[in-house]
Amino acid sequence: AQKVTQAQTEISVVEKEDVTLDCVYETRDTTYYLFWYKQPPSGELVFLIRRNSFDEQNEISGRYSWNFQKSTSSFNFTITASQVVDSAVYFCALSDHNNDMRFGAGTRLTVKP
Amino acid sequence: EAQVTQNPRYLITVTGKKLTVTCSQNMNHEYMSWYRQDPGLGLRQIYYSMNVEVTDKGDVPEGYKVSRKEKRNFPLILESPSPNQTSLYFCASSADRGYNEQFFGPGTRLTVL
């Protein structure tokens, strides 16, 4: 069965610090997809990234970067030079051949000015 | 504007009174899904639908029903709501199957007294 673990329930940093959000997943499939979503205080869910299991290249998008390592079943998310607007709950999610989607419990990030 | 809409956005009801939360998308997406969000548990999938007349259970389907008679609509039905169904509910859609980016509705906050 698939499972997503976000061990960090809450993280608090000061603006301009770098922060990494951890995500560890479990699946028996060789083909699967990993996602990160952001939920700001306003409540909507915002898609950040999707990565398939055959693409282990790290990705960078502005201040955001993602490190996918199949060897450790991890898909970690780093925010560089954090800003107050990054304060949100971040969810990691996994989808495999069953087409259902499993989310982690989320990590609440607070960036203080 | 491409969007997923949900109604109502807020609902307070009493135990046992049947209710329906509507979900509609205007992107011609095949895949639609319902989630509930509870503190400390993240988002949990209730039901999903791969296409018209095709629905499948997610992680927490008990107490819920869905139907997919038209491609754009995917209502969530609570035949006899109970207090443990008090939650924040999200509808989502994606172009094809569960492994594409999902677009989420704004959420419906349901309170069952």
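## Topic: the layout of surface pockets
(1) Moving on: The volume enclosed by the largest pocket comes to roughly 640 Å³.
(2) Moving on: Contributing elements (two or more residues each) for the lining of the largest pocket: β10 (88-95) of chain A together with β4 (31-38) and β9 (87-94) of chain B.
(3) Moving on: Of the residues that constitute the lining of the largest pocket, the class distribution is eleven nonpolar, 14 polar and six charged.
(4) Moving on: Approximately 170 Å³ is the volume found for the second largest pocket.

## Some thoughts on the packing of aromatic side chains
(1) Moving on: In total, this model carries 19 aromatic pairs over all chains according to the counting rule given.
(2) Moving on: For the ring pair Y25 of chain A and F68 of chain A, a centre distance of 6.3 Å and an interplane angle of 45° mean the geometry is tilted. Of this pair, Y25 of chain A sits in strand β4 (residues 24-26) while F68 of chain A sits in strand β8 (residues 64-69), placing them 43 residues apart in sequence. Here Y25 of chain A matches F68 of chain A in class, with each residue buried.
(3) Moving on: Consider the rings of Y37 of chain A and F103 of chain A, whose centres lie 5.8 Å apart with planes at 45°: the pair is tilted. Residue Y37 of chain A is located in strand β5 (residues 33-39), and its partner F103 of chain A is located in strand β11 (residues 101-103); the two are separated by 66 residues in the primary sequence.
(4) Moving on: What makes F103 of chain A buried here is its relative accessible area of 5%.
(5) Moving on: Through successive ring pairs, a cluster of aromatic residues spans F35, Y37, F47, F91 and F103 of chain A together with Y35, F90 and F104 of chain B.

## A few points about a nonpolar patch on the surface
Residue and element names in this part refer to chain B.
(1) Moving on: On the surface, I12, V14 and L113 cluster together into a nonpolar patch covering about 320 Å² of accessible area.
(2) Moving on: By the secondary structure assignment, V14 is in the loop between β2 (10-13) and β3 (19-25).
(3) Moving on: For V14, a relative accessible area of 45% translates into the label partly exposed.

## Quick look at the interface of chain A and chain B
(1) Moving on: Between chain A and chain B, the contact holds 18 residues from the first and 19 residues from the second.
(2) Moving on: If you look at where chain A meets chain B, you find one salt bridge.
(3) Moving on: Here R102 of chain A ties to D59 of chain B by a salt bridge, and the two come within 2.6 Å at their closest N and O atoms.
(4) Moving on: Our count for the chain A to chain B interface comes out at five residue pairs in polar contact (both at pLDDT 80 or more).
(5) Moving on: Breaking the side of chain A that touches chain B down by element, the ones donating at least two residues are β5, β6 (46-52), β10 and β11 of chain A.
(6) Moving on: Examining the composition of the side of chain A that touches chain B, we find that four residues originate from one element, β5 of chain A, more than from any other.
(7) Moving on: A per-class count over the side of chain A that touches chain B returns nine nonpolar, six polar and three charged.

## Quick look at the environment of T55 of chain B
Residues and elements named next belong to chain B.
(1) Moving on: In this fold, T55 is placed in strand β6 (residues 54-57).
(2) Moving on: Using a relative accessible area of 35% as the deciding quantity, one classes T55 as partly exposed.
(3) Moving on: Taking the C-alpha atoms as reference, T55 lies 9.2 Å from S33; in sequence the two are 22 residues apart.
(4) Moving on: Setting aside anything within four residues of it in sequence, one finds T55 in contact with Y48, S49, V66, R68 and F74.

## Examining the state of the cysteines
(1) Moving on: Applying the stated criterion to the full structure yields two disulfides over all chains.
(2) Moving on: Across the disulfide, C23 of chain A is cross-linked to C92 of chain A (sulfur-sulfur distance 1.9 Å). Disulfide C23 of chain A-C92 of chain A: the torsion about the S-S bond is -65°, which places it as left-handed. Here the residue C23 of chain A occupies a position in the loop between β3 (19-21) and β4, and C92 of chain A occupies one in strand β10, the gap between them amounting to 69 residues.
(3) Moving on: On the basis of relative accessible area, C23 of chain A is assigned to the buried category, the value being 0%.
(4) Moving on: Covalently, C23 of chain B is tied to C91 of chain B through a disulfide, its sulfur atoms 1.8 Å apart. Since a negative S-S torsion denotes a left-handed disulfide, the C23 of chain B-C91 of chain B link at about -70° is left-handed. Here the residue C23 of chain B occupies a position in strand β3, and C91 of chain B occupies one in strand β9, the gap between them amounting to 68 residues. Both residues of the pair, C23 of chain B and C91 of chain B, count as buried.

Calculation criteria
Residues numbered from 1 in each chain as written. Chains lettered and ligands numbered in written order. Predicted model: local features only at pLDDT ≥ 70, side-chain atom pairs only at ≥ 80, totals over all residues. Heavy atoms only, no water. 1 Å grid on protein atoms, 1.4 Å probe; cavity = no way out; pocket = protein on both sides within 12 Å on 5 of 7 lines; lining within 4 Å. Points joined across faces, edges and corners; volume = space filled by probe spheres on them. Helix = DSSP H or I, 4+ residues; strand = E, 2+ residues; numbered from the N terminus. Nonpolar A, V, L, I, M, F, W, Y, C, P; charged D, E, K, R; others polar. Phe/Tyr/Trp six-rings, centres within 6.5 Å; stacked < 30°, edge-to-face > 60°. Buried < 20%, exposed > 50% of the residue type's maximum accessible area, 1.4 Å probe, protein only. Patch = residues over 30% accessible without salt bridge, like charges linked within 9 Å, V, L, I, M, F, W, Y side chains within 5 Å. Areas by Shrake-Rupley, 256 points an atom, 1.4 Å probe, with all protein chains shown as cover. Salt bridge = Lys/Arg side-chain N within 4 Å of Asp/Glu carboxyl O. Contact = heavy atoms within 4.5 Å. Polar contact = N/O pair within 3.5 Å; in protein donor to acceptor, adjacent residues only side chain to side chain. Disulfide = S-S within 2.5 Å.

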